Amino acid sequence: MCIPSMPCEIFHRPARLSSGNSGKRLSIMLAAIVCTIACMAQPATTAHHYDFRKWFRTLAQNRVEYNRYNDSIFQIRDHDQWTRFLQVRARKNHEINLSNRLIIDSINHAMTVGEVLNDRSLYSEFIRAFTLDYLRAGKADPFNTLTLCDAMQRYSDHQPDSLRMDNWLHLWRGVAYFHIFSLDNDTTTLRTSYNHFRAVLGKESERFPAYKQCRVTALYNLSSFAWFNSKIMTVRQLRTNMRTMRLMLNDTTIHISPSMMARLKNKAERMDELLIRNVYLYDSTMMKSQEATWLMTKLVKSYKKKKNMDDEQYMNMLLMQVRLQQITAKEALDAYKSRYARNWNLIKGVRLNDEEFMDFIQQYYSILYLNDIADIPYREKRRTVKLLCGHIVTAFRNRHDDQHSTQFVKMLKTLVVYERITRYLKPEERVDFLEELIVTTDLPTYAHSVHVAEIATTIISAMVKKEPQLLVGYLGCQNARNVTRHKKLFVEYMRRAAEFHDLGKTIMVPVVNNDFRPLTDMERKIIQGHPRRGLRFLELDPRLAPFHDAILGHHKWYNGKGGYPADFDNTRSPYRLLIDILTLSDCLQAATERIGRNYKNPKTFNTVINEFRQEAGTRYNPQVVEFIDRHPELANRLRWLLTDGWLDIYYMIYKKYFANTDKQ
């Protein structure tokens, strides 16, 4: 699970200095919590039949199984095996969804039973199960953690202060909200995360167990430069947090393993390096130039004395030397090439866990920065960018698809629109780069969009041929004859609109792919924001502007009174009928989906069409529904697309993106 295993050491900009791997903070927290639990837990002698250990172990194992089936998509090379596997995967994931739904409902029900809440031995069992069998397994996600923290809070509130878990709950919630912020970009979410960490530093925390261990962890989180970049903290406050953490590490009463202590001290001792890399080199106005120059000069000298610098330190030294005008950007780029070549050869055929993936991806921001400012021909810069884009796609494809972290999403959404990439790519190349990253991170959504495109183009083709008068006034066609003459224009518009309609889901993959359990209210709210968030990708190519309304309005009702976003009036759009065709196609595919939607059983084509008839005029465009009814051959074609046609669609994706990946 992700929450404590997902660190808050994320920086909200491309240039980032990693100060530790993604699993360290969980280890730090668990090292202390095991001691806490060992002291407070007692053997369970209760007669109640609430097997928390079994429930949490099953949740963790279900996540392992879910990840295994998702990750295997990228491993199978034979076409027939691949398509059969997708069918097996769909059935298995549906079973996992039902199992997790039952477990979560059972846990929530237990928290409503008074005799359970007052049973101290059962409380100990709950804590052990949650922390040791679930969190330590590293298969959590931030949303489910919040749900389970709420359950534990109800349990904890019934205990004396000496047994309450408030400090740990603040930490888990702080990390959870931090990673949710990566998905919803809501500063309120980030502020909530900050407040949970700050709560551990308050006097109130001393009432509860392990407050010193929790404070060290909170300070470690609060020394992240993400707070500075989001204007929640100042540089001075960051320095204060680091100094306080350094002082607390000398407290011998804090029980942290030697290896964990070394990691914490390493960050505290690297304060100057972190400030330069993540503050001054990011925004030179945030530090006095004289102070920054002095620090960089000192750091470069210390780097040069080291016999073995890791890649991160070496790149930092090069960047500082460029800033100090000791070397040129071209010299820095040339100096790092051999290291990059070695790194690339090590990872290009290897599955990467979250830590390995992040460590590898981070270097691209610095390399692309140096490539951009170097005094070399434009053609050479463009060649380098195109090469690196291919490598980035491969790294995303090789990422082990645990989906318990949101950091890869942050990397994706910044890289796709990163100006040091986009200025060297043609508009169509930018879109291709985005599309390849979408496939590697969210195959089900991409396949859904391609399937919707087949449905929508089938409908629009039949409409142009059979009743072109319905399309008069759209795409510049003023009469039926003009519509017929421009059939290709209508078909291409619908295809592209369908392929782009869910672009916003690209930056919320951990939510969209959380179909292994019921979604929370917060997840549903995030998903409802995907139409508007998809608009940011239209800037990649000016020719995508006509798809603005289709992306924004594909979840609006025909009458404009339902759906989302609420502030978009689809009834006034010059693309209204085309949006309505897209909406109907989207709903038709989703309702009959047999591969990517584990939370429901698929409906038949006839069932869905009947629902369309019942809601025609309110939710669906009656012209489109009646058009399908008037043309049985169209209905039969749609029926085939939704039953057998999906195999062809998935094979196309397989052939285009995966069949030849071994040749890379």
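Definitions and cut-offs
Numbering of residues starts from 1 in every chain and runs along the sequence as written. Reporting of local features is limited, given that this is a predicted model, to residues whose pLDDT is at least 70; pairs of side-chain atoms are given and counted only at 80 or more, and all residues count toward the totals for whole chains, interfaces and linings. Excluded from the side-chain calculations are hydrogens and water; all other atoms, namely the structure's heavy atoms, are used. The helix and strand labels rest on DSSP assignments: H or I over at least four residues marks a helix, E over at least two residues marks a strand, and numbering proceeds from the N terminus. Relative accessibility under 20% of the residue-type maximum defines a buried residue, over 50% an exposed one, and the middle range a partly exposed one, all with a 1.4 Å probe and only protein chains included. Two residues qualify as a contact provided that any one of their heavy atoms is within 4.5 Å of a heavy atom in the partner residue. Only the protein chains shown count as cover for residues, and all accessible areas are computed by the Shrake-Rupley method using a 1.4 Å probe. Within this scheme, the nonpolar core is defined by two criteria: the residues are buried Ala, Val, Leu, Ile, Met, Phe, Trp, Tyr or Cys, and they are joined through side-chain atoms within 4.5 Å. A side-chain nitrogen of Lys or Arg and a carboxyl oxygen of Asp or Glu constitute a salt bridge if their distance falls within 4 Å. Centre distance within 6.5 Å is the pairing criterion for rings of Phe, Tyr and Trp, where only the six-membered ring of Trp is used; planes under 30 degrees apart are then read as stacked, over 60 as edge-to-face, and the remainder as tilted. Both a distance and an angle decide whether a charge sits over a ring: NZ of Lys or CZ of Arg must be within 6 Å of the ring centre and within 35 degrees of the ring normal. Any pair of N or O atoms that falls within 3.5 Å is considered a polar contact. Within protein, one atom must be able to donate a hydrogen and the other to accept it, and sequence-neighbouring residues count only if both atoms are side-chain atoms. The span one expects for a helix is its residue count, reduced by one, times 1.5 Å. Per-residue confidence from the predictor is reported as pLDDT, which spans 0 to 100. Comment: axis = line fitted to C-alpha atoms, over the contacting stretch for helices; angle = value between 0 and 180 degrees taken between N-to-C directions. Angular relationships are summarised with four words: roughly parallel below 35 degrees, roughly antiparallel beyond 145, roughly perpendicular across 65 to 115, and oblique for the angles in between. Left-handed describes a crossing whose near helix is turned anticlockwise from the far helix through less than a right angle; right-handed describes the clockwise counterpart. Amino acids are sorted into nonpolar (Ala, Val, Leu, Ile, Met, Phe, Trp, Tyr, Cys and Pro), charged (Asp, Glu, Lys and Arg) and polar (every other residue, Gly among them).

Draft legend 1. Representation of the overall build of the chain within the structure. In terms of helices and strands, the chain carries 33 helices and zero strands. Counting over 664 residues, the chain shows a buried share of 61%. Of the contacts formed within the chain by residues at least 6 apart in sequence, a portion of 74% connects residues at least 24 apart. When the accessible surface of the chain is totalled, it reaches about 27,100 Å², and 50% of it is carbon and sulfur.

Draft legend 2. Representation of unusual backbone geometry within the structure. Tyr564 connects to Pro565 through a cis peptide bond whose omega is 0°. In this structure, Lys231 is a non-glycine residue whose phi angle is positive, near 65°.

Draft legend 3. Quick look at the nonpolar core. Phe52, Phe56, Phe126, Phe130, Ile276, Phe396 and Ile421 are the most contacted members of the largest nonpolar core, which totals 200 residues. Among the elements that take part in this core, helix 22 (residues 443-466) stands out by supplying 13 residues, more than any other. Apart from the residues lying within four places of it in its own chain, the contact partners of Phe396 are Phe357, Ile361, Phe408, Met411, Leu412, Leu415, Leu437, Thr440 and Thr441. Core analysis: the second largest hydrophobic core is formed by 12 residues, Ile254, Ile256, Met260 and Leu264 among them.

Draft legend 4. Quick peek at the pattern of salt bridges. Counted by the stated rule, this structure contains 38 salt bridges. Here Arg613 makes a salt bridge to Asp629, at a shortest N to O gap of 2.9 Å. Of this pair, Arg613 sits in helix 30 (residues 605-614) while Asp629 sits in helix 31 (residues 622-630), placing them 16 residues apart in sequence.

Draft legend 5. Expanded view of the packing of aromatic side chains. Taken as a whole, this structure holds 29 aromatic pairs when the rule is applied. Aromatic side chains Phe130 and Trp172 sit 5.2 Å apart centroid to centroid with 80° between the ring planes, which places their arrangement in the edge-to-face category. Taken together, the residues Phe130 in helix 5 (residues 120-135) and Trp172 in helix 7 (residues 166-184) connect sequence positions 42 residues apart. Across the pair, Trp172 and Phe130 agree in class, each one buried. By way of ring pairs, the aromatic residues Tyr50, Phe52, Trp55, Phe56, Tyr123, Phe126, Phe130, Tyr134, Tyr155, Trp168 and Trp172 are connected into one cluster. Above the plane of the ring of Tyr314 lies Arg339, whose end atom (NZ or CZ) is 4.2 Å from the centre. Taking NZ or CZ as reference, Arg399 lies 3.6 Å from the ring centre of Phe408, over its face.

Draft legend 6. Expanded view of the environment of His170. By the secondary structure assignment, His170 is in helix 7. In this structure His170 comes out as partly exposed when scored by relative accessible area, which is 23%. Distance from His170 to Ala218, taken between C-alpha atoms, is 9.1 Å for residues 48 residues apart in sequence. Setting aside chain neighbours within four positions, we find His170 in contact with His196, Ala199 and Val200.

Draft legend 7. Just the side chain of Thr145, in detail. Residue placement: Thr145 occurs in helix 6 (residues 142-156). Taking the relative accessible area as the measure of exposure, Thr145 reaches 0% and is therefore buried. There is a polar contact of 2.9 Å between the side chain of Thr145 and the backbone oxygen of Asp141.

Draft legend 8. Helix 9 (residues 211-222), seen in detail. For helix 9, spanning 12 residues, the distance from its first C-alpha to its last is 16 Å, which sits close to the expected 16 Å at 1.5 Å a residue. Judged by how many residues are buried, helix 9 sits mostly within the fold: 10 of 12 residues are covered. Looking at helix 9, one finds that the buried residues are Gln213, Cys214, Arg215, Val216, Thr217, Ala218, Leu219, Tyr220, Asn221 and Leu222.

Draft legend 9. Main features of helix 22. Look at helix 22: 34 Å from first C-alpha to last across 24 residues, which is about the 34 Å you get at 1.5 Å a residue. Burial runs high along helix 22: 21 of the 24 residues are buried.

Draft legend 10. Fine view of the confidence of the model for the chain. Per-residue pLDDT for the chain has a mean of 85; in total, 88% of the residues score no lower than 70. Mean pLDDT across the elements of the chain bottoms out in helix 1 (residues 24-40) (41) and peaks in helix 31 (98). Of the regions scoring below 50 in pLDDT, residues 1-47 engages in 163 contacts with residues more than four places distant in sequence or in other chains.

Draft legend 11. Representation of the packing of helix 22 against helix 29 (residues 576-592). It is the contact of helix 22 with helix 29, at a shortest axis distance of 9 Å, that shows an interaxial angle of 130°. The angle between helix 22 and helix 29 falls in the class oblique. Considering how the two elements wind past one another, helix 22 and helix 29 form a crossing that is right-handed. Within the contact between the two elements, helix 22 uses His448, His451, Val452, Ile455, Ala456, Ile459, Ile460 and Met463 and helix 29 uses Leu577, Leu578, Ile581, Leu582, Leu584, Ser585, Asp586, Leu588 and Gln589. Among the residues making up the contact of helix 22 with helix 29, the classes are represented as 12 nonpolar, four polar and one charged.

Draft legend 12. Up close: the environment of Met317. Take Met317: it is sitting in helix 15 (residues 311-323). Those residues in contact with Met317, other than ones at most four positions away along the chain, are Val300, Tyr303, Lys304 and Met309.

Draft legend 13. The side chain of Asp372, seen in detail. Within the element layout of this structure, Asp372 appears in helix 17 (residues 354-373). Setting aside its immediate chain neighbours within four residues, Asp372 contacts Lys381, Arg420, Arg423 and Tyr424.

Draft legend 14. Fine view of the environment of Arg57. With respect to the helices, strands and loops of the structure, Arg57 is situated in helix 2 (residues 52-71). Accessibility expressed as a relative area gives 45% for Arg57, which makes it partly exposed. Within the structure, Arg57 has its side chain in polar contact with the side chain of Asp133 (distance 3.4 Å).

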